[in-house]
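Examining the three-dimensional arrangement
Listed here are the chains, written in short residue letters.
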Amino acid sequence: MSSHSPHGQSSLRTVQVLGGGNAGSSAHVRSLAAGLVARGVRVTVCAPDEADHLYDFTGAGAEHVHVPRSSDPGSVTALRAACTDADLVHAHGLHASFRAVLALSGRRTPLVVTWHDRAHAEGARAHLLRLLERRVAKTAAVVLGTTSDLVDRARRTGARDARLGAVALPGPRGAEEDPDRPRPKLRAELGAIGRPLMVAVGALDRHRGHEVLLDAARAWRRLDPVPLVVVAGEGPLRAEFQSRIEDEGLPVRLLGRRDDLGGLLAAADLALLPGCGESRSVLAQEALHARVPLVAVRTSAVRELVGDAAELVPAGDAPALAEAVVRLLDDPERCARLRDLGARQAATWPSEDETVAQVLSVYDELTQPRPMI
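Residues numbered from 1 in each chain as written. Predicted model: local features only at pLDDT ≥ 70, side-chain atom pairs only at ≥ 80, totals over all residues. Heavy atoms only, no water.

It is worth spelling out the environment of Val 212 at this point. Looking at the element boundaries, Val 212 is found in helix α8 (residues 210–220). Separated by 106 residues in sequence, Val 212 and Ala 318 place their C-alpha atoms 5.2 Å apart. (Helix = DSSP H or I, 4+ residues; strand = E, 2+ residues; numbered from the N terminus.)

Of all residues in the chain, 92% attain a pLDDT of 70 or more, and the chain-wide mean is 90. Considering only residues more than four positions removed or in separate chains, one finds that residues 1–8, a stretch of pLDDT under 50, has 16 contacts. Counting contacts from residues 173–177, a segment whose pLDDT is below 50, to residues more than four positions away or on other chains yields 10 contacts. (pLDDT = per-residue confidence, 0-100. Contact = heavy atoms within 4.5 Å.)

Enumeration over the complete set of coordinates arrives at 1 aromatic pair. Centre to centre, the rings of Tyr 55 and Phe 57 are 6.3 Å apart; their planes meet at 20°, and the pair counts as stacked. We note that Tyr 55, like Phe 57, is buried. (Phe/Tyr/Trp six-rings, centres within 6.5 Å; stacked < 30°, edge-to-face > 60°. Buried < 20%, exposed > 50% of the residue type's maximum accessible area, 1.4 Å probe, protein only.)

This brings us to the sheet that holds strand β10 (residues 252–256). Strand pairing in a sheet is mediated by backbone hydrogen bonds. Such pairs are either parallel or antiparallel. Spatially, 6 strands are ordered β10-β9-β8-β11-β12-β13 in an open sheet, and the strand pairing comes out parallel. Two strands in the sheet have a free side with no partner beyond their single neighbour: β10 and β13 (311–313). When the angles between neighbouring strand axes are averaged without regard to direction, this sheet yields 20°. Bridge count for strand β8 (residues 197–201) against strand β9 (residues 228–232) is 5 bridges, and the pairing is parallel. Its bridge partner being in β9, Ala 200 is matched across the sheet by Val 231. (Pairing = 2+ DSSP bridges. Axes fitted to C-alpha atoms, helices over the stretch in contact; angles between N-to-C directions.)

Turning our attention to the pairing of strand β5 (residues 111–115). Sheet faces and side chains relate simply in a regular strand, where the side chains alternate between the two faces. With respect to burial, β5 is a largely interior element, 5 of its 5 residues being buried. The two faces of β5 match: Leu 111, Val 113 and Trp 115 on one face and Val 112 and Thr 114 on the other face are all buried. Alignment of strand β4 (residues 88–92) against β5, held across 4 bridges, turns out to be parallel. Each residue of the ladder has a partner; that of His 92, found in β5, is Thr 114. Considered for its hand, the β-α-β crossover made up of β4, helix α4 (residues 94–103) and β5 is right-handed. As defined by bridge partners, β5 adjoins strand β6 (residues 142–145) across 4 bridges and the pair is classed as parallel. Paired with Val 112 across the strands is Val 142, a residue of β6. With helix α5 (residues 124–139) bridging β5 and the parallel β6, this β-α-β connection has right-handed handedness. (Right-handed = clockwise from strand over helix to strand, strands pointing away.)

Moving on, we come to the environment of Pro 251. Here Pro 251 shows up in the loop between α9 (238–248) and β10. Residue Pro 251 is classed as buried on the basis of its relative accessible area, which comes to 7%. Pro 251 has contacts with Arg 195, Ala 217, Arg 221, Val 226, Pro 227, Leu 228 and Val 229, leaving out every residue within four places of it along the chain.

With 32 residues, the main nonpolar core has Leu 213, Trp 220, Val 229, Val 231, Val 252, Leu 272 and Val 295 as its most contacted residues. For this core, the secondary structure elements donating two or more residues are β8, α8, β9, α9, β10, β11 (270–273), α13 (318–329) and α14 (332–346). Examining the composition of this core, we find that 8 residues originate from one element, α13, more than from any other. Here Trp 220 is in contact with Met 198, Leu 213, Val 226, Pro 227, Val 229, Leu 272, Leu 321, Ala 322, Val 325 and Val 326, once residues within four sequence places are set aside. Listed in part, the 30 residues of the second largest apolar core include Val 89, Val 101, Leu 132 and Ala 140. (Core = buried A, V, L, I, M, F, W, Y, C linked by side-chain atoms within 4.5 Å.)

Evaluation of the coordinates by the stated rule reveals 21 salt bridges. As a salt-bridge pair, Arg 39 and Asp 353 come within 3.4 Å of each other at their nearest N and O atoms. Note that Arg 39 is positioned in the loop between α1 (23–38) and β2 (42–47) and Asp 353 in helix α15 (residues 352–367), a separation of 314 residues in sequence. Residue classification places Asp 353 among the exposed residues on the basis of a relative accessible area of 52%. One network of salt bridges, in which partners are shared, links Asp 215, Arg 218, Arg 244 and Glu 248. (Salt bridge = Lys/Arg side-chain N within 4 Å of Asp/Glu carboxyl O.)

Here you go:
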């Protein structure tokens, strides 16, 4: 396989595979596609049509091929056709990776997989996920984990080559913040005039810690003024959470899906990460970049990401979360210190260029002819 043109630019053809595509992995693939195309790599992104509408892979210079979600029986066939002339396939997330393994069966095309998060499941489904992980880890030429925990997990599961994969926080593609809607106006729209505003983000499911957040919010009702928590995200438990908010008079608003996280953080006094649904939290990264003090659950992945630049509390501990928030709201000096620490920590994270360069070096390893010894 020749993967470099005479002018030094890559003529590699890669296929990037997304499953349902969570926000983190979809934004990463969009950023990766743009960077690879800029370096002369031909990129095809296989993902559902709605992912291309949201993330505009074609706008990044990639070809987009609609491949339905894993529940569709035609998805592996469509993926196999899309990968026919690929020099290398790079799949993101467990389900996309497993479909790529099936689609490449009988072919010698190298497979790189990135694990962005650990898949959550219980009972028989958890056993199935472990089987999928093992098959993917043993088949992939390289497994990139976005955290040390995921790299260790890949090694334990049988990966031949597992490495920490750089993942940049992609910059906004357009102006996320509306210049005509400054901070006071957005706070007024949210109902946070004259009271502290806290922002949490994440799907309304069992793994994001929203139950813990609602439990903690009971304690904030006694504060004067009562702070407001806004939660950006949608999911199957919305009705259940809304009922709790109304029944218990909690100072919490569910905003639904939002595409203005930058604006919400610019208006916020604190950012809250009450659960460990993501291995490399986009909210944590955005908050530190925006110099917004962060209160987050203490996991090894969060600690690896934020260092000492956040107030960390034990997972599932609502009183500890409530207390940390109250302490910060009463301590402007500690908030100022966290802002400075956050900006310094954010400066250590990989840039989009560094992320693309690392991925391209892995591709080159797998596709370059090795010199004869």
